[in-house]
Amino acid sequence: MPTSFIITLSVLFLGVSLQTSKALDPFACDPKDGTNRDLPFCQVKLPIQTRVNDLIGRMTLQEKVGLLVNNAAAVPRLGIKGYEWWSEALHGVSNVGPGTKFGGAFPVATSFPQVITTAASFNATLWEAIGRVVSDEARAMFNGGVAGLTYWSPNVNIFRDPRWGRGQETPGEDPVVVGKYAASYVRGLQGSDGIRLKVAACCKHFTAYDLDNWNGVDRFHFNAKVSKQDMVDTFDVPFRMCVKEGKVASVMCSYNQVNGIPTCADPNLLKKTIRGQWRLDGYIVSDCDSVGVYYGQQHYTSTPEEAASDAIKAGLDLDCGPFLGQHTEDAVKKGLLNEAEINNALLNTLTVQMRLGMFDGEPSSQLYGNLGPNDVCTPAHQELALEAARQGIVLLKNHGPSLPLSTHRHLSVAIVGPNSNVTTTMIGNYAGVACGYTTPLQGIQRYAQTIHRQGCADVACVSDQQFSEAIDAARQADATILVMGLDQSIEAEFRDRTGLLLPGRQQELVSKVAAASKGPTILVLMSGGPIDVSFAENDPKIGSIVWTGYPGQAGGAAISDVLFGITNPGKVVYPFGHGISYTNFVHTIASAPTIVSVPLDGHRHGSGNATISGKAIRVTHARCNGLSLGMQVDVKNVGSMDGTHTLLVYSRPPARHWAPHKQLVAFEKVHVAAGTQQRVGINIHVCKSLSVVDGSGIRRIPMGEHSLHIGEVKHSVSLQASILGVVKS
């Protein structure tokens, strides 16, 4: 999208938002309010824990219970307002949660590509930058009194079943990528101001959750049966990285059961793992009405008071829904719960509110108090949304090559397909109101004359009534672009798919249009979940296939930039990480060790068999601090076009019956100009990245030859255990 076009869009919408917004009155501790301004919990100079303890000590049981739900009640006698905890910011400030209202001075917000698209960029720097923009806009809206500061995003579930309707919200199926995304996006949202938070993020939904409504089973009744190995090696990874590396302020437990226990009632998951092992500094919240679900639909407890007690005792601090507000006081009266356990829950939620500055008086005097309407949908924010879409688009096939199209040879282009001129489809679910849209048709019209024929009335494509005019358009044009795929009517929350083919008669339309096309035929797929396009891969009349995910508000501009070669795309019928480019890259390992010594904890190693079981060391028995494997990789662009390349590093551990075939251990993004070479440094943490999990859920480092793969290049490195400087053979 040209900068001038972005600025025009911004002026159009900011012209509305430049009107004066109503400033937000203090949530608590108003300096004009004699009720509380002199009390210890309002003294900013005191430690936050001291302030929180003082506040909790002043409240009655009824007042405390009123704070256990998402629409927390006011405490007027202490000068505290009610607060709505539920806001969403999956890929931009959203209006899905009741905590955020669009309108007035804030009619719109920047809508970035859906997460599955952004994750395809393999660019952690981009992920964090998006988080910073989203939190800027969230703070601006909070200052204007139309949003909260607690955002239940990101979704970091593993996208294990490709039919899952919510897979679009996630960074994908690989635990390392999902975890890196989680930590990066959370850092962008929460800021880097020490203990203070810009906004409070939340990683959800813990855990083993990737089913909404499939084959007669819904998420409210699903019991995920997960082995110890799979839990530690797969499902725990992104949440652990989110908490330990991203320092997230919240984790949300899910609807489903795991091995027979509802996640929101499981102390092993909440109290022992999230808060105990990972040291969460924040609060744990239920998915909306999860506590009510495990009582009323899963029949996990006999009484509602037992359900409330189980949740709080397990480590739940906040209920999205009314259940804890309705039944916790009776649970105390029946002796199932004591007030001190409620105090512990409030300690976690109120601490987060204090870290956000909600008890510091006038918002305008705080660190982010100057953000307002002019900081939403800025040209820079919209340019980042466009860049994120460009980086997330993946070129899957390019026979000929058919792409990039030429503005000199392809003067007329037929644009066909139910997603060829869409707007809201491009932003997927959990989105807000976008600044403005560039549709695929509008984007392509910047480069060529277009003949637009939809071909299908919608993505369901139940009729061939519009086929003939689409076929005629393809016969006339110099090139044909088919924009097909899915939308929220096919894949969404509580809407899982039953198959992976294009819906209805879409495949028939693609094949018939391609057969008639005078010039090259390009298939563009818009979807969150995968689509089986074997037919197109094998059809010689379809020269190129491009996947865009749901590319956000600027999706059409990004698509056209890629198709006409302004942007070079990054490199399942296709394996994980597959993608091709308009240029070619060659890898060479410049330096890497062949032997790495793994020091053991001399105080814990005991006998050789106790530590080295089957030549695999327990991670807890190794001295892991600073233990990394450094590599230098030269990436040369041997083609004629500048390009950005994703370096994917895989490890194949020594053969064990419980070890994976190979696993992703690192990735880096590098821009290389045509004909030049860049050296990329890669650090692989031995204990985190070269370890595997055995059948008992114990993480071990296999000794012996590990094979590292980067594209077609392989490098072997031997891990050898050492005790007191002696290598253990």
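Values in this document were obtained by computation on a predicted structure and should not be read as measured data. (Residues numbered from 1 in each chain as written. Predicted model: local features only at pLDDT ≥ 70, side-chain atom pairs only at ≥ 80, totals over all residues. Heavy atoms only, no water.)

Asks: I keep staring at the overall build of the protein chain and nothing clicks. Help me out?
Replies: A tally of regular secondary structure across the protein chain gives 20 helices and 28 strands. Taken over C-alpha atoms, the radius of gyration comes to 27 Å for the protein chain, in line with the 27 Å a tight globule of 729 residues would show. Over its C-alpha atoms, taken along the principal directions, the protein chain stretches across nearly 80 × 70 × 50 Å. Taking all 729 residues of the protein chain together, 60% fall into the buried category. If you sum the accessible surface of the protein chain, you get close to 27,000 Å²; carbon and sulfur atoms cover 51% of it. Treating the 62 positive side-chain charges of the protein chain as one cloud and the 62 negative ones as another, the clouds have centres 7 Å apart. (Helix = DSSP H or I, 4+ residues; strand = E, 2+ residues; numbered from the N terminus. Rg over C-alpha atoms; globule rule 2.2 N^0.38 Å. Buried < 20%, exposed > 50% of the residue type's maximum accessible area, 1.4 Å probe, protein only. Areas by Shrake-Rupley, 256 points an atom, 1.4 Å probe, with all protein chains shown as cover. Lys, Arg positive; Asp, Glu negative; His and termini not counted. Charge placed at Lys NZ, Arg CZ, Asp CG, Glu CD.)

Asks: Sorry, what's going on with the pattern of salt bridges here?
Replies: Per the counting criterion, the structure on display carries 34 salt bridges. The partner of Arg390 in a salt bridge is Glu387, with the nearest N and O atoms 3.3 Å apart. In this pair, Arg390 and Glu387 are both assigned in helix H13 (residues 379-392), three residues apart and thus about one turn of the helix distant. Its relative accessible area of 14% is what places Arg390 among the buried residues. When its relative accessible area of 27% is taken as the criterion, Glu387 is described as partly exposed. With a closest N to O distance of 2.9 Å, Asp561 and Arg390 form a salt bridge. Taken as a pair, Asp561 in helix H18 (residues 555-563) and Arg390 in helix H13 lie far apart in primary sequence, 171 residues in all. (Salt bridge = Lys/Arg side-chain N within 4 Å of Asp/Glu carboxyl O.)

Asks: I'm lost on the environment of Thr480 in this one. Help?
Replies: With respect to the helices and strands, the residue Thr480 is situated in strand S14 (residues 479-485). Taking relative accessible area as the criterion, Thr480 reaches 0% and is therefore assigned buried. In contact with Thr480, other than residues within four places in its own chain, are Ala414, Ala474, Val513, Ser517, Pro520, Thr521 and Ile522. Within the structure, Thr480 has its side chain in polar contact with the side chain of Ser517 (distance 3.1 Å). (Contact = heavy atoms within 4.5 Å. Polar contact = N/O pair within 3.5 Å; in protein donor to acceptor, adjacent residues only side chain to side chain.)

Asks: Please explain the packing of helix H15 (residues 467-476) against helix H16 (residues 506-516) as it appears in this structure.
Replies: Axes are the key here: two packed helices are described by the angle between their axes and the distance separating the axes. Two numbers describe how H15 lies on H16: the axes approach to 8 Å, and their chain directions differ by 30°. As for the relative orientation of H15 and H16, their crossing is right-handed in sense. Judged by residue contacts, Phe467, Ala470, Ile471, Ala474 and Arg475 of H15 engage Glu508, Leu509, Lys512, Val513 and Ala516 from H16. The residue inventory of the contact of H15 with H16, partitioned by class, reads seven nonpolar, no polar and three charged. (Axes fitted to C-alpha atoms, helices over the stretch in contact; angles between N-to-C directions. Left-handed = near helix turned anticlockwise from the far one by under 90°. Nonpolar A, V, L, I, M, F, W, Y, C, P; charged D, E, K, R; others polar.)

Asks: Sorry, what's going on with the state of the cysteines here?
Replies: Every disulfide links exactly two cysteines, by a covalent bond between their sulfur atoms. This model, assessed by the stated rule, comprises seven disulfides. A disulfide bridge connects Cys288 with Cys320, and the sulfur atoms are separated by 2.0 Å. Judged by the torsion about the S-S bond (80°), the Cys288/Cys320 disulfide is right-handed. Residue Cys288 is found in the loop between strand S10 (283-286) and helix H9 (290-296), and its partner Cys320 is found in the loop between helix H10 (304-314) and helix H11 (323-333); the two are separated by 32 residues along the sequence. The exposure class of Cys288 is buried, given its relative accessible area of 17%. With its sulfur 2.0 Å from that of its partner, Cys456 forms a disulfide with Cys461. The sign of the S-S torsion, about -40°, decides the handedness of the disulfide formed by Cys456 and Cys461: left-handed. The exposure classification of Cys456 matches that of Cys461, with both residues buried. Here Cys202 stays free of any disulfide, with the sulfur of Cys203 as its closest cysteine sulfur at 7.0 Å. (Disulfide = S-S within 2.5 Å.)

Asks: Could you clarify how one ought to interpret the packing of aromatic side chains in this entry?
Replies: We describe a pair of aromatic rings using the distance from one ring centre to the other and the angle between the two ring planes. The tally for this structure, following the rule as stated, stands at 19 aromatic pairs. With centroids separated by 6.1 Å and ring planes inclined at 15°, the aromatic side chains of Trp86 and Trp152 adopt a geometry described as stacked. Taken together, the residues Trp86 in the loop between strand S2 (83-84) and helix H4 (115-119) and Trp152 in the loop between helix H5 (124-143) and helix H6 (175-190) connect sequence positions 66 residues apart. Taken together, the ring pairs in this structure connect Phe27, Phe41, Tyr83, Trp85, Tyr283 and Phe359 into an aromatic cluster. The cationic tip of Lys662 hangs over the ring face of Tyr650; the distance from NZ or CZ to the ring centre is 4.4 Å. (Phe/Tyr/Trp six-rings, centres within 6.5 Å; stacked < 30°, edge-to-face > 60°. Lys NZ or Arg CZ within 6 Å of the ring centre and 35° of its normal.)

Asks: Any chance you could explain the sheet that holds strand S8 (residues 257-258) here in plain terms?
Replies: Strand pairing in a sheet relies on backbone hydrogen bonds. The paired strands run either parallel or antiparallel. Judged by pairing direction, the sheet is mixed, and its three strands sit side by side in the order S6-S8-S9 without closing on themselves. Edge positions in the sheet fall to strand S6 (223-224) and strand S9 (261-262), since each has one partner strand and no second. (Pairing = 2+ DSSP bridges.)

Asks: Would you explain the sheet that holds strand S11 (residues 394-398) in this entry?
Replies: With mixed pairing, the six strands of this open sheet are ordered in space as S11-S16-S15-S14-S12-S13. Each end of this open sheet is capped by a strand with a single partner; those strands are S11 and strand S13 (449-453). Across the sheet, the axes of successive neighbouring strands diverge by a mean angle of 20°, strand direction being ignored. Of the pairings in the sheet, the one linking S14 to strand S15 (residues 521-526) comprises six bridges and is parallel in character. Bridged to Met484 within S15 is Leu525. Running over the sheet, H18 touches S14, S15 and strand S16 (544-547) and is turned about 150° from S15.

Asks: When you look at the packing of H6 against helix H7 (residues 228-244) in this model, what are you seeing that I'm missing?
Replies: Remark: H6 packs on H7, axes separated minimally by 7 Å, with the N-to-C direction vectors making an angle of 15°. As the angle between them shows, H6 and H7 are arranged roughly parallel. The handedness of the crossing between H6 and H7 comes out as right-handed. Residues Pro175, Val176, Val178, Gly179, Lys180, Ala182, Ala183 and Val186 of H6 form the contact with H7, whose own contacting residues are Asp233, Thr234, Val237, Pro238, Met241 and Cys242. Across the contact of H6 with H7, the residue classes break down as ten nonpolar, two polar and two charged. (Parallel < 35°, antiparallel > 145°, perpendicular 65-115°, else oblique.)

Asks: Would you take a moment to explain H15 for this structure?
Replies: Because an α-helix packs 3.6 residues into every turn, residues spaced three or four apart end up facing the same way. Among the residues making up H15, those that are buried are Phe467, Ala470, Ile471, Ala473 and Ala474. What you see down the axis of H15 is that its buried residues fit within an arc of 155°, all on one side. The secondary structure elements touched by the buried residues of H15 are strand S12 (412-416), S13, S14 and H16. (Arc of directions from axis to C-beta.)

Asks: I tried to follow the confidence of the model for the protein chain on my own but got confused; where do I start?
Replies: For any part of a model where pLDDT is low, the fine detail of the predicted coordinates should not be relied upon. Summarising the model, the protein chain shows a mean pLDDT of 92, and 93% of its residues fall at 70 or more. Confidence drops under a pLDDT of 50 for residues 1-21, and excluding neighbours within four residues, the segment shows 42 contacts in the predicted structure. With pLDDT under 50 throughout, residues 605-611 is counted as low confidence; its partners more than four residues away or in other chains account for twelve contacts. (pLDDT = per-residue confidence, 0-100.)

Asks: Is there a simple way to think about the nonpolar core in this case?
Replies: In globular proteins that are soluble, nonpolar side chains generally tend to be buried together. Phe41, Trp152, Phe359, Ile481, Leu523 and Leu563 are the most contacted members of the largest nonpolar core, which totals 187 residues. For this core, the leading source of residues is H5, giving ten residues. With near-sequence residues (within four places) excluded, Phe359 lies in contact with Phe27, Ala28, Cys29, Phe41, Cys42, Arg51, Leu55, Ile80, Leu350, Gln353 and Met354. Val598, Leu600, Ala666 and Val717 belong to the second largest nonpolar core, which has 33 residues in total. (Core = buried A, V, L, I, M, F, W, Y, C linked by side-chain atoms within 4.5 Å.)

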